[in-house]
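Chain by chain, the residues run as shown.
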Amino acid sequence: MRRLILFLPLILFIHCKQQPASPTGLVTEKAMVVSAREEASQIGVAIMEKGGNAFDAMVATELALAVAYPYAGNLGGGGFMVYRKKNGDLGGLDYREKAPLGAHKDMYLDSLGNVIPDMSTLGATAVGVPGTVAGVMEVHKKFGSLPLSEILQPVINLAKKGVVVTQKQAERLKSYKEAFIEVNGDSTKFAAYFKEGDTIKYPELASTLQKILDNGRDGFYKGEVAQKLAAFIQESGGFITEEDLAKYEAKWRDPIVFDYKDIKIISMSPPSSGGVTINQIFKMMEPYHLSDFGHNSAKTIQLFTEASRRAYADRNYFLGDPDFVDIPLDRLLDDTYLQTRMADFSFDKATPSSEVSYGEVEIVESAETTHYSIVDSEGNAVSATTTLNGGYGSKLYAAELGFFLNNEMDDFSAKPGVPNMFGLVGAEANSIAPEKRMLSSMTPTIVEKDGELYMVVGTPGGSTIITAVAQTILNVYEFNLSMQEAVNAPRFHHQWLPDVVMFEEEGFSNTLKTELESKGYKILEGRTPVIGKVDAIRVLPNGKLEGGADKRGDDTAVGF
């Protein structure tokens, strides 16, 4: 009896540990979309209620974000998508922007070989060939179940009716107003002052979407829209031609798939660096009993930071467009190699980044991306991250067509060793070449557990995307948080260079930071931005879905 009493707490502890966290986010029975704006989530869900699948909903959600969230949603940018079908089939789609045919390695350098300020970030010279429309059309062609008219009509209606400005959107528009005027002149639509509650209508975007509905991908990449777009970019000093647009193709790619303990993680392959880098981080951490250290404890932060430091060093050196660069993936993802990378790690002190180079076998990019996660009633899952790169991209607004254009050329290494706008330091593998795709940190991810769908997750955040996605997965799996709690939890970030750990403003004590500083970690001082806006879905043990919509934005989960 005494022995039983002693064992009872242990039995209870083991039992408790195995119980998944109770949901705190929206719970629905069958299907869900979580995205940066309620309007886009609602349109995606309505498509599934009409009998459409997750892929139909992806097309609708992606294009609705171009209307409702022009900060990052787009026709003038590109992205990545990973999917898992109900039968377990996996795949990925690369609709990342490309360098135009007229691009060359030194196009952003002056006669002395120095990077020309703003040329790769502001205005027409920064624009890469957009991939979004090709991406959604490719998805619809391969997996769509509803006619394009049923999917696009609600988006066209939204553009005509207009979108109500939220408080956060009003603040963003105000903060970018001077840049809009600098690039487009003071007659641009966005030179106006927008306040919370105003409605912004997009009749020109509705017209562009109608041409895509009538003519499919050729409605954007050929004909009137392509002519107007190429002429506008060139008149504004940029490089994209009608030939660049006509030649653009989205590309199906095999995702990066790996196990971490007893879950399987499916994430995007190059030219996204997300899957490779998250794979390295998780595998370097796998030998440790992370859950015993505690959520966001000093030890957890140390281990994650040191794994990130080494993974980002490799990312910046080896990764680029696989159609142009031979990436040693087998070596980079080899367990023995990764254990060797962590051999000099100690909980006693930080490893300075100056002592961590790429392994024996560098990054900055914009934070203004957007992500959405979808699960349909059959169990198909889509995780998609799309971007203009910077907030409102290059700030160049094609008024006749109704959308902003990307500044994605900045994601190349304009000059090896010189940081981009996100502070990422790149190498030769990510140098500029005609028709090459620039390296990205976008990390759309799907997680399986026991062979079943477990989580769909992703986020904006530039170079912080990878660490935000990894921490969100660990929050649910290792620290037993609900999906909404996992998304809300405070985040931190380290990317090799600069050698600082960035913490969100709220949620980390001074005592914790002092302890880390005593071990040699440099803490980023002053105001720090939010790290990511994660939109995620967890499949509960009873098969229902829990949404995690990030409170850092206007993000919203909708389902039925």
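For the structure given in this document, a descriptive report is provided here. The numbering scheme is per chain: residues are counted from 1 as the chain's sequence reads. A pLDDT threshold of at least 70 governs which residues receive local features in this predicted model, and a stricter bar of 80 or more applies before side-chain atom pairs are shown or counted, although totals over entire chains, interfaces and linings include all residues. Processing note: side-chain calculations cover all non-hydrogen atoms of the structure and skip hydrogens and water entirely.

Topic: the overall build of the protein chain
Part 1 of the argument: Helix and strand definitions here come from DSSP, where helices need a minimum of 4 consecutive H or I residues and strands a minimum of 2 consecutive E residues; each element is numbered from the N-terminal end. Check the secondary structure of the protein chain and you find 18 helices and 20 strands.
Part 2 of the argument: In this treatment the radius of gyration is a C-alpha quantity, and the globule benchmark scales as 2.2 Å times the residue count to the 0.38 power. For a compact globule of 560 residues, the expected C-alpha radius of gyration is about 24 Å, and the protein chain comes in at 23 Å, within 12% of that figure.
Part 3 of the argument: Its C-alpha atoms give the protein chain principal-axis dimensions of about 80 × 60 × 45 Å.
Part 4 of the argument: Each residue's exposure class comes from its accessible area (1.4 Å probe, protein chains only) as a fraction of the maximum for that residue type: buried when under 20%, exposed when over 50%, partly exposed otherwise. When burial is assessed residue by residue, the protein chain has 61% of its 560 residues classed as buried.
Part 5 of the argument: Side-chain charges of the protein chain comprise 55 positive and 74 negative groups, with the mean position of each set lying 4 Å from the other. In this tally, Lys and Arg are treated as positive and Asp and Glu as negative; His is ignored, and so are the chain termini. For the purpose of locating charges, the reference atoms are NZ of Lys, CZ of Arg, CG of Asp and CD of Glu.

Some points on the pairing of strand E10 (residues 369-375)
Part 1 of the argument: Burial runs high along E10: seven of the seven residues are buried.
Part 2 of the argument: Side chains Thr 369, His 371, Ser 373 and Val 375 project from E10 onto one buried face, and the interleaved Thr 370, Tyr 372 and Ile 374 project onto a second face that is buried too.
Part 3 of the argument: With three bridges joining them, strand E2 (residues 32-35) and E10 adopt antiparallel strand pairing. Directly across from Met 32, in E10, lies its bridge partner Val 375.
Part 4 of the argument: In this sheet, strand E11 (residues 381-387) lies alongside E10 in antiparallel orientation, the contact comprising seven bridges. Pairing of Thr 370 across the sheet is with Thr 386, part of E11.
Part 5 of the argument: Where E10 hands over to E11, the hairpin turn is made up of five residues, of which Gly 379 adopts a positive phi near 100 degrees. DSSP calls a pair of strands paired once it identifies at least 2 bridges connecting them.

Structural notes on the packing of aromatic side chains
Part 1 of the argument: In this analysis, rings of Phe, Tyr and Trp, with Trp reduced to its six-membered ring, are considered paired at centre separations within 6.5 Å, and the interplanar angle assigns stacked below 30 degrees, edge-to-face beyond 60, and tilted for intermediate values. Tallied over the full model, the rule gives 35 aromatic pairs.
Part 2 of the argument: Grouping aromatic residues by their ring pairs yields a cluster made of Tyr 69, Tyr 71, Tyr 176, Phe 180, Phe 190, Phe 194, Tyr 392, Tyr 397 and Phe 404.
Part 3 of the argument: We count a charge as sitting over a ring when the NZ of a lysine or the CZ of an arginine lies within 6 Å of the ring centre and within 35 degrees of the ring normal. The cationic tip of Lys 142 hangs over the ring face of Trp 252; the distance from NZ or CZ to the ring centre is 4.3 Å.

Digging into the sheet that holds strand E9 (residues 263-267)
Part 1 of the argument: If you walk across this open sheet you meet the seven strands as E1-E19-E18-E15-E14-E9-E8, and the pairing is antiparallel. Where the open sheet ends on each side, the last strands, each with one partner, are strand E1 (27-28) and strand E8 (256-260).
Part 2 of the argument: Docked against the sheet, helix H11 (residues 274-285) engages E8 and E9, running at close to 15 degrees with respect to E8.
Part 3 of the argument: By the convention used here, residues are in contact when the closest approach between their heavy atoms is within 4.5 Å. Where helices are involved, their axes are fitted lines through C-alpha atoms of the stretch in contact, as for all axes, and angles between N-to-C directions lie from 0 to 180°. The strands touched by helix H16 (residues 465-477) are E8, E9, strand E14 (445-449), strand E15 (452-457) and strand E18 (535-539); relative to E15, the strand with the most contacts, the crossing angle is about 135 degrees.

Regarding the sheet that holds strand E4 (residues 90-95)
Part 1 of the argument: The strand order E7-E4-E3-E11-E10-E2-E20 describes an open sheet built from seven strands, whose pairing is antiparallel. The open sheet terminates on both sides in strands that have one partner only, identified here as strand E7 (251-253) and strand E20 (556-559). Geometrically, the sheet is characterised by an average inter-axis angle of 15 degrees between neighbouring strands, direction not taken into account.
Part 2 of the argument: In terms of strand pairing, E2 meets E20 through four bridges, oriented antiparallel.

Here we look at the environment of Val 164
Part 1 of the argument: Along the chain, the position of Val 164 falls in strand E5 (residues 163-164).
Part 2 of the argument: In this structure, the C-alpha to C-alpha distance between Val 164 and Thr 199, residues 35 residues apart in sequence, is 4.3 Å.
Part 3 of the argument: Beyond its immediate chain neighbours, meaning those up to four positions away, Val 164 contacts Arg 37, Glu 39, Gln 169, Gly 197, Asp 198 and Thr 199.

Remarks on the packing of helix H3 (residues 54-68) against helix H4 (residues 132-143)
Part 1 of the argument: At a closest axis distance of 9 Å, the pairing of H3 and H4 adopts a crossing angle of 160 degrees. The pairing of H3 with H4 is recorded here as roughly antiparallel in orientation. Like other packed secondary-structure pairs, H3 and H4 cross with a definite hand, here left-handed. For the pair H3 and H4, contact is made by Phe 55, Asp 56, Met 58, Val 59, Glu 62 and Leu 63 and by Thr 132, Val 136, Val 139, His 140 and Phe 143, respectively.
Part 2 of the argument: Broken down by class, the residue content of the contact of H3 with H4 amounts to seven nonpolar, two polar and two charged. For classification, angles of less than 35 degrees are called roughly parallel, those exceeding 145 degrees roughly antiparallel, those between 65 and 115 degrees roughly perpendicular, and all remaining angles oblique. Handedness of a crossing is defined here by the sense of rotation of the near helix relative to the far one, left-handed for an anticlockwise turn of less than a right angle and right-handed for a clockwise turn. Classification used: nonpolar for Ala, Val, Leu, Ile, Met, Phe, Trp, Tyr, Cys and Pro, charged for Asp, Glu, Lys and Arg, polar for all others including Gly.

A closer look at the pattern of salt bridges
Part 1 of the argument: Within this document, salt bridges are pairs made up of a side-chain nitrogen of Lys or Arg and a carboxyl oxygen of Asp or Glu, the two lying within 4 Å of each other. Applying the stated criterion to the full structure yields 33 salt bridges.
Part 2 of the argument: For Glu 97, the salt bridge goes to Arg 96, with nearest N and O atoms at 3.4 Å.
Part 3 of the argument: Note that Asp 550 and Arg 491 form a salt bridge whose closest N and O atoms lie 2.8 Å from each other. Of this pair, Asp 550 sits in the loop between strand E19 (545-549) and E20 while Arg 491 sits in the loop between helix H17 (483-488) and strand E16 (492-493), and the two are 59 residues apart along the sequence.
Part 4 of the argument: In this structure Asp 550 comes out as buried when scored by relative accessible area, which is 0%.
Part 5 of the argument: According to the relative accessible area criterion, Arg 491 is buried, its value standing at 1%.

Some thoughts on the environment of Asp 94
Part 1 of the argument: Its place among the elements puts Asp 94 in strand E4.
Part 2 of the argument: For the pair Asp 94 and Tyr 288, spaced 194 residues apart in the sequence, the C-alpha separation amounts to 34 Å.
Part 3 of the argument: For Asp 94, the residues in contact, after removing those within four places along its chain, are Gly 79, Phe 80, Tyr 248, Ala 250, Lys 251, Arg 253, Met 268, Pro 271 and Arg 437.
Part 4 of the argument: Here a polar contact is taken to be a pair of N or O atoms separated by no more than 3.5 Å, where protein atoms must pair a possible hydrogen donor with a possible acceptor and residues adjacent in sequence count only if both atoms sit in side chains. Of note is the side chain of Asp 94, whose polar atom sits 2.8 Å from the side chain of Arg 253.

A look at H3
Part 1 of the argument: Compared with the 21 Å implied by 1.5 Å per residue over 15 residues, the 20 Å span of H3 between its first and last C-alpha is a close match.
Part 2 of the argument: The buried count for H3 comes to 15 of 15 residues, which makes it a mostly enclosed element.
Part 3 of the argument: You can read the cap of H3 off the contacts: a side-chain oxygen lies 2.9 Å from the backbone nitrogen of Phe 55, and it is on Asn 53. Take the residue count of a helix, subtract one, and multiply by 1.5 Å to get its expected span.

Spatial relationships are all this shows, so hold off on functional conclusions.
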